Amino acid sequence: MSPPHLADRLLTWFCAPHLREEVLGDLHERYAVRVKRVGETHARRRYWLDMLAYVRPEFIKRQPHDTSAWEYPNPKATDMIRNFVKIAWRNLMLNKAFAAINMLGLAIGLTSFMLIAVFVYNELSYDKYPTKASNLYRVQLSVVGNGSVEVYPNVDLAVGEGMQRAFPEVKASTRFSPATDYIQYKDKQFKEPHLAFADSNFLQLFSIPCIKGNAATALVAPNSVVISKEFAQKYFGDEDPIGKALAVGTQREAFTVTGLIDKVPDNSHFHADAFLSLSTRHITNPTWSNLGFFTYLELADKADPKKLEAKFPQLVAKYVVPEVQRDMGISLAEAQKSVETFRFLVKPLTDIHLYSDTKYEMEPNGDIKYVYIFSILALFILLLACINFTNLSTAQAAKRAREVGIRKVMGSIKNQLVFQFLTESVLLTLMAMVCAYGLLFLLLPYFNQVADKQISFTFFLSYQAILALFLVSFLSGIIAGIYPAFFLSSFSIIKTLKGSFFGKSSQKKPLHSGLIVFQFSISTILLIATLVVYKQLQYMQNKKLGYDKDQVIALPDTRLLGDRQLAFKEQLAQNSHVVSASLSRFVPGGMMMDGTQIYPKNETSNGVEIHTNIFHVDYDYLRTLGIQLVQGRNFSRDFPTDSISGVLINESAVRELGWKGTNPIGKSVVRSGNREFKVIGVVKDFNYVSVKQKVAPLMLMMGRNAGGIVLKIKTTDVPGFLADLKAQWEAFNPNGPLEYHFLDEQFATFYASEQRTQQLFSAFAVLAVIIASLGLFALSAFVIEQRTKEIGIRKVMGASVPGIVQLLVKDFVRLVLIAIVIASPIAWYAMHHWLQDFAYRIDVEWWMFALSGLMALAIALLTVSYQSIKAALMNPVKSLRSE
């Protein structure tokens, strides 16, 4: 094998002419001996050292003819790695600004990635805690009526047990019914919002073990209750709760504590602090065609849920059709249409949280779209940080070029150089990982508050989390450093040693430009998304709802007053602060509403049958809430039949009943149970649920003892009125404390999910912009440094400071403008698709893109201008003398 020709050429350039032949002969002889003894690779490395010892003896401490020091064994791998780490550390310490900017960017990227990753992990883990989670399904009901489909997550009492009896693939069924009521033990009384009636096998099926008591038998007997540890501490303190009796409800029904659980897992689609035995209700005639019970089935291991669903119509024909015929008083032929319009479905338990969004869920669910969105966002933010490293490393190539040339002359091969530079990037990301843990500790409480999670910092200290983050950091280091490593290791030795490489350092690099465009494209997309989400949220909160929610107070528990409710309402109406009062606990935004199927009397041949919600109200309800009457009249004391058979319906009910274009006043509707009602008035549609959903049919019926009071009050001296209200409540000596809420505050809870999304988008958009700005700041500083002499010459030639600043800034501004152009259509498509989930939504307008683009441009200008102005103001004598 021949020695390196490049080394020979360098020797002929640098060595004295009269010594060339002698030196070359000596080097070739040594090379031939070494090839035989230690192999070609080692021989070529020593050949370079020999050559360098002749032409640049100051680089080599030993003399060229000192042959005792020439032969070395190949170094150990561990020694090489130790050496690479040591050199990497020294390089980072020599370039502290470079290391600090990269480390900060990577730390922010890793922190964002970790927070989003744990959010996604938490969302995907919902309802996976039961031992047989993959075999558990919730029974749902789909009702087709007048061209629309309504899905309900709960069914009637008999459905679960009926399916278990009818189909062998159904191994077990269980029911769950949420409740809210007052609980009392001795002198302690509280209103508990998280109660539930459950079947005796519910705890077993959902793998909720008892700390005390037997989960298999604790809910078998009527009037038994299983409570959580927190619930027990609240009522019993340090007492043993087992065997103690709790008084439930206004009737003080006694329930015996038979079991104690830790708690329902946080990542569950339902939560309860106390499980009451469902057998307490003593329902003797369970039905199939109504709603009310969340029902779950355990299927056999190999059961196909789709094939099971295909069998459900036979149950509808056997049980639902007779009930529909009886309740609505229609013919069998009409009732048999229910087989097509009344369908039972099964939803996998593990899909409920992310794939079910009915109006009647027990708790607000997540959305799989947000899991996808935030997963992509996490990757992009981490990628932005990696891009910073890549951009800065390649931009600093000139500073490392001579180092690479000398290393190659010393015998380093390309693979070793690549490994050296990758070691630097990995070391930097591992240091950033340590910083990320510090940021996590500081930011996690705020993240939990915004995301509505209960994630503990100890989660990140588990070996699984540490290992996962280490792997992410390691891979990030490889991704960030792979291009710079190959780029730097590919430098030509001759050009770097002669210094000709530096002339190219200021030339435009397509890679730098492309990476800056990518970074600001992502940042601009996030800015646009944040603005659109904010405007949609603002639109929903400020939309005219069709009723007056301001200065309205709801008292949901006046049922505690028994037959004194009306007297309490009349007394409140006399208060000077009260504008109007209504006896009803049915208010817009509340979960309290009834529902039923209705059809128009004498018009059954057209097949119209709709589901409508029901509010029980009194004569003053419309006036108190400012609901507009568009046809007919309100309930009146002058018409005694109003309290028995009169109803008000909304415009949506008119449309779905097929009465649009006709006068509905005086027409009759028939509800389940064959009860007939006469329409006396039509109210304008108002959003009694979230504006994410279209206004559904609503029927208002008279109901004097509705168990709640709604008050419209004056805006002056609200604290004074609340003090009067509390005094009047206590004067009536109720069985429970006063509870009230303002309607506008309850309305705001509808949009908690969108509020969290907007806050998360805002936070991560800011982080993405910070990362991109850090990279742009450092890159602009380096590019401007390379043009220092040019700036000095321009100033000597008469260039003004603004002119120089414009010269330095314009290239970066052009890249940001390109990023805005690329980001705008992507952001429009994404946000247009997101807005389709809302029945009432804003239009994505041009000014949103313009404003977001101007923000991105302003950030870029501020980032670059500092360095540009600083360079433009520099004394040209210093820059020209620096050579």
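### Thoughts on the nonpolar core
Right, so step 1: F447 and L700 are the most contacted members of the largest nonpolar core, which has 123 residues in total.
Right, so step 2: For this core, the leading source of residues is helix α5 (residues 96–124), giving 15 residues.
Right, so step 3: Not counting the four nearest positions on each side in its chain, L700 is found in contact with F615, V617, Y621, L622, F635, G646, V647 and L648.

### So, a nonpolar patch on the surface
Right, so step 1: A cluster of nonpolar side chains, L383, L467, F470, L471, F474, L475 and I479, forms an exposed patch at the surface whose accessible area comes to about 620 Å².
Right, so step 2: Here the nonpolar patch gets six residues from one element, more than from any other, and that element is helix α16 (residues 463–489).
Right, so step 3: Within the secondary structure layout, F470 lies in helix α16.

### A few points about helix α8 (residues 229–236)
Right, so step 1: Taken together, the buried positions of α8 are occupied by F231, A232, Y235 and F236. Down the axis of α8, the smallest arc covering the buried residues is 100 degrees, so these residues share one side.
Right, so step 2: Looking at the buried side of α8, the elements it contacts are β3 (170–185), β4 (188–198), β6 (224–228), β7 (245–248), β8 (253–261) and β9 (274–277).
Right, so step 3: Just past α8, the residue G237 takes up positive phi, approximately 60 degrees.

### Let's talk about the environment of Y840
Right, so step 1: Checked against the element boundaries, Y840 lands in the loop between α27 (801–835) and α28 (846–872).
Right, so step 2: Looking at Y840, the relative accessible area reads 23%, which means it is partly exposed.
Right, so step 3: For the pair Y840 and K692, spaced 148 residues apart in sequence, the C-alpha to C-alpha distance is 6.2 Å.
Right, so step 4: Those residues in contact with Y840, other than ones at most four positions away along the chain, are Q536, Y539, K543, N687, V691, Q693, K694 and V695.
Right, so step 5: Of the polar contacts made by the side chain of Y840, one reaches the backbone nitrogen of V695; its length is 3.5 Å.

### A closer look at the side chain of K569
Right, so step 1: Residue position: K569 is located in helix α19 (residues 565–573).
Right, so step 2: K569 sits in the buried class, given a relative accessible area of 3%.
Right, so step 3: Engagement of the side chain of K569 in a polar contact is seen with the side chain of D620, the distance being 2.8 Å.
Right, so step 4: With residues up to four places along the chain from it excluded, the contact list for K569 reads A581, S582, L583, D618, D620 and I709.

### Re the packing of helix α26 (residues 788–796) against α27
Right, so step 1: Packing of α26 against α27 brings their axes to within 10 Å, and their N-to-C directions diverge by 150 degrees. The pairing of α26 with α27 is recorded here as roughly antiparallel in orientation. Helix-helix and strand crossings are classified by hand; for α26 and α27 the assignment is right-handed. From α26, E790, I791, R794 and K795 reach across to α27, where they touch I804, L807 and L808.

Reading guide: rules and limits
Residues numbered from 1 in each chain as written. Predicted model: local features only at pLDDT ≥ 70, side-chain atom pairs only at ≥ 80, totals over all residues. Heavy atoms only, no water. Core = buried A, V, L, I, M, F, W, Y, C linked by side-chain atoms within 4.5 Å. Buried < 20%, exposed > 50% of the residue type's maximum accessible area, 1.4 Å probe, protein only. Helix = DSSP H or I, 4+ residues; strand = E, 2+ residues; numbered from the N terminus. Contact = heavy atoms within 4.5 Å. Patch = residues over 30% accessible without salt bridge, like charges linked within 9 Å, V, L, I, M, F, W, Y side chains within 5 Å. Areas by Shrake-Rupley, 256 points an atom, 1.4 Å probe, with all protein chains shown as cover. Salt bridge = Lys/Arg side-chain N within 4 Å of Asp/Glu carboxyl O. Arc of directions from axis to C-beta. Polar contact = N/O pair within 3.5 Å; in protein donor to acceptor, adjacent residues only side chain to side chain. Axes fitted to C-alpha atoms, helices over the stretch in contact; angles between N-to-C directions. Parallel < 35°, antiparallel > 145°, perpendicular 65-115°, else oblique. Left-handed = near helix turned anticlockwise from the far one by under 90°.

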